[in-house]
Amino acid sequence: MPRHLGVIMDGNGRWAQARGKPRTEGHKAGVEALGRLIELSARQGIEFVTVYSFSSENWRRPKEEVSFLFNLLRRYVAAELERFVKNGIRVKVLGEREGLDKTICGLLDQVESRTASGTRMQLNLAFNYGAKFELASAMRKIARQVASGELAPDAITADMVGENLYTRDIPDPDLILRTGGEKRLSNFLLWQAAYSEFIFIDQCWPDFDEDTFRDVLLEFGQRQRRYGALENR
Ligand code: FPP
């Protein structure tokens, strides 16, 4: 069983278009699929689930779709807050707050603080997230310590980089699942995915269900993770 599962929820637009619906209907159905993922993961005892819900590159989409996704987040967080609290789901938002609307930031702070004592599972919403930006910010922070003479360049370690990422308190993902048929990481958790297993499936995100989840976990269970070492014999 993965301890930390990352999910790239792709294919909402195509799911909707295949049904003659506007892309936004795909995102709405995507929210329902996200609810199924959270419930199934909590039931399986997965400790951390990280979902890619808005990338820093998604700003390039038409303005209407961007504002739809923002409103969807707003409504989603407001509607689910009490359920998260009741079910012991601790929510963290990974991503850049700078440049986000004040009301969204307030809501994100609120969901983080209201759910902070949840112990059943942690849900990380990667929102306005981009791994290259995250790494560049970490480098800036470390560079400042070097510039002030606090840190010698040769003393910089990989752990120090990790400690300056949004995920500093979270173990690296064991498994990254991407739906929707594309086989790439799209700037999601680049550093953290060093030893992750990857599963790519053709199914579009809104169709994600219990059967998909079972198949994905079965496949993960068959992978041998060696972390650069040799397998145990
Ligand atoms: C990718 O599908 C999905 C997104 C860019 C947004 C993901 C959002 C959700 C699953 C809804 C949950 C979100 C919130 C805010 C709680 P796509 O639009 O790239 O699909 P396509 O590749 O078929 O065009």
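Within every chain, residues take consecutive numbers counted from 1 along the sequence as written. Local features in this predicted model are restricted to residues whose pLDDT is 70 or higher, and side-chain atom pairs enter the listing and the counts only when it is 80 or higher, whereas totals over whole chains, interfaces and linings include all residues. Only hydrogens and water are removed before side-chain values are computed, so all heavy atoms of the structure are retained for them.

Colleague: Lay out helix α5 (residues 131-147) with the relevant residues and their values.
Modeller: Look at α5: 24 Å from first C-alpha to last across 17 residues, which is about the 24 Å you get at 1.5 Å a residue. With a 1.4 Å probe rolled over the protein chains alone, any residue whose accessible area is under 20% of its type maximum counts as buried; one over 50% counts as exposed, and the rest are partly exposed. Each helix corresponds to a stretch of at least 4 residues labelled H or I by DSSP, and each strand to a stretch of at least 2 residues labelled E; elements are numbered beginning at the N terminus. When α5 is considered as a whole, its buried residues turn out to be Ala 131, Glu 134, Leu 135, Ser 137, Ala 138 and Ile 142. Axial view of α5: buried residues confined to an arc of 160 degrees, hence all on one face. For α5, exposure combined with an orientation more than 90 degrees from the buried face picks out Lys 132, Met 139, Arg 144 and Ala 147. Whether two residues touch is decided by their heavy atoms; if any such pair falls within 4.5 Å, the residues are in contact. Turning to α5, the residues buried within the fold contact β4 (121-129) and α6 (158-163). Phi turns positive one or two residues past the end of α5, at Gly 149, with a value near 85 degrees. The span expected for a helix works out to 1.5 Å for each residue beyond the first. Taken from the helix axis, the directions to the C-beta atoms give the arc we talk about.

Colleague: Got a sec to walk through a positive patch on the surface? Specific residues and values, please.
Modeller: Exposure above 30% relative accessible area and the absence of a salt bridge qualify a residue for a patch, where like charges join within 9 Å and nonpolar side chains (Val, Leu, Ile, Met, Phe, Trp, Tyr) within 5 Å. Surface accessibility in these figures is a Shrake-Rupley result with a 1.4 Å probe; residues are shielded only by whichever protein chains are displayed. Basic side-chain nitrogens of Lys or Arg form a salt bridge, by our definition, when they fall within 4 Å of a carboxyl oxygen of Asp or Glu. Charge counting follows a simple rule: Lys and Arg are positive, Asp and Glu are negative, and His as well as the terminal groups are ignored. A single reference atom marks each charge: NZ on Lys, CZ on Arg, CG on Asp, CD on Glu. A surface patch of like charges, here positive, comprises Arg 140, Lys 141, Arg 144 and Arg 168. Residue placement: Arg 168 occurs in the loop between α6 and β5 (175-178). What makes Arg 168 partly exposed here is its relative accessible area of 45%.

Colleague: Which residues make up the packing of helix α3 (residues 63-87) against helix α4 (residues 102-114), and what are the values?
Modeller: To characterise two packed helices, one gives the angle between the axes of the helices and the distance between these axes. It is at 10 Å that the axes of α3 and α4 come closest, and there the two elements cross at 20 degrees. Considering the angle they form, α3 stands roughly parallel to α4. Handedness of the crossing formed by α3 with α4: left-handed. In this structure, α3 contributes Phe 70, Leu 73, Arg 74, Val 77, Leu 81, Glu 82, Phe 84 and Val 85 to the contact, and α4 contributes Thr 103, Ile 104, Leu 107, Leu 108, Gln 110, Val 111 and Arg 114. When residues are sorted by character, Ala, Val, Leu, Ile, Met, Phe, Trp, Tyr, Cys and Pro go into the nonpolar class, Asp, Glu, Lys and Arg into the charged class, and all the rest, Gly among them, into the polar class. Considered class by class, the residues forming the contact of α3 with α4 number 10 nonpolar, 2 polar and 3 charged. To get an axis, a line is fitted to the C-alpha atoms, and for a helix only the part in contact is used. The angle between two axes follows their N-to-C directions and goes from 0 to 180 degrees. Put simply, angles under 35 degrees are roughly parallel, angles over 145 are roughly antiparallel, angles from 65 to 115 are roughly perpendicular, and the rest are oblique. Should the near helix be turned anticlockwise from the far one by less than a right angle, the crossing is termed left-handed; should it be turned clockwise, right-handed.

Colleague: So what's going on with the pattern of salt bridges? Residues and values would help.
Modeller: Applying the stated rule across the entire model yields 22 salt bridges. The salt bridge involving Arg 43 is made with Glu 210; its shortest N-O contact spans 3.7 Å. Here Arg 43, found in helix α2 (residues 23-44), pairs with Glu 210, found in helix α7 (residues 210-222); they are 167 residues apart in sequence, far enough to count as distant. Arg 97 is the partner of Asp 109 in a salt bridge, and the nearest nitrogen-oxygen pair spans 2.6 Å. One end of the pair, Asp 109, is in helix α4; the other, Arg 97, is in the loop between β3 (89-94) and α4, and 12 residues separate them in sequence.

Colleague: Can you explain the packing of aromatic side chains? Please cite residues and give values.
Modeller: Centres within 6.5 Å make a pair out of two Phe, Tyr or Trp rings, where for Trp the six-membered ring is used; the pair is then stacked when the planes are under 30 degrees apart, edge-to-face when over 60, and tilted otherwise. Counted under the stated rule, the structure contains 14 aromatic pairs. Seen from their ring centres, Phe 54 and Trp 59 are 5.6 Å apart, and the 90 degrees between their planes marks the pair as edge-to-face. Seen from their ring centres, Phe 208 and Phe 213 are 6.1 Å apart, and the 75 degrees between their planes marks the pair as edge-to-face. Just as Phe 208 is buried, Phe 213 falls in that class too. Aromatic rings pair up to connect Tyr 52, Tyr 129, Tyr 166 and Phe 188 into one cluster. It is Arg 140 that lies over the ring of Phe 133; its NZ or CZ is 5.7 Å from the centre. By the criterion adopted, a ring carries a charge over it if an Arg CZ or a Lys NZ lies within 6 Å of its centre and within 35 degrees of its normal.

Colleague: An account of the layout of surface pockets is requested, with residue identities and associated values reported.
Modeller: Space left empty within the atom packing is revealed by a probe, the size of a water molecule, rolled over the atoms. Its volume calculated, the largest pocket comes out at about 750 Å³. Cavities and pockets were defined on a 1 Å grid built from protein atoms only: a cavity is a group of points that admits a 1.4 Å probe but offers it no way out, a pocket is an open group of points flanked by protein on both sides within 12 Å along at least five of seven lines, and a lining residue is one with an atom within 4 Å of any such point. What lines the largest pocket is a set of 32 residues, and nearest its centre among them are Met 9, Tyr 52, Ser 53, Asn 58 and Arg 61. Looking at the lining of the largest pocket, the elements that each hand over two or more residues are α1 (12-18), α2, β2 (48-55), α3 and β4. Here the element with the most residues in the lining of the largest pocket is α2; it accounts for 5 residues. Residue classes in the lining of the largest pocket are distributed as 13 nonpolar, 10 polar and 9 charged. Lining the second largest pocket are 17 residues, with Gly 35, Ile 38, Glu 39, Glu 80 and Arg 83 sitting closest to its centre. When contributions to the lining of the second largest pocket are tallied by element, the ones reaching two or more residues are α2 and α3. Sorting elements by how many residues they give to the lining of the second largest pocket places α3 first, with 8 residues. Grid points are joined across faces, edges and corners, and a volume is the space filled by probe spheres set on the points.

In short, the description is geometric, and any link to function would need to be established separately.
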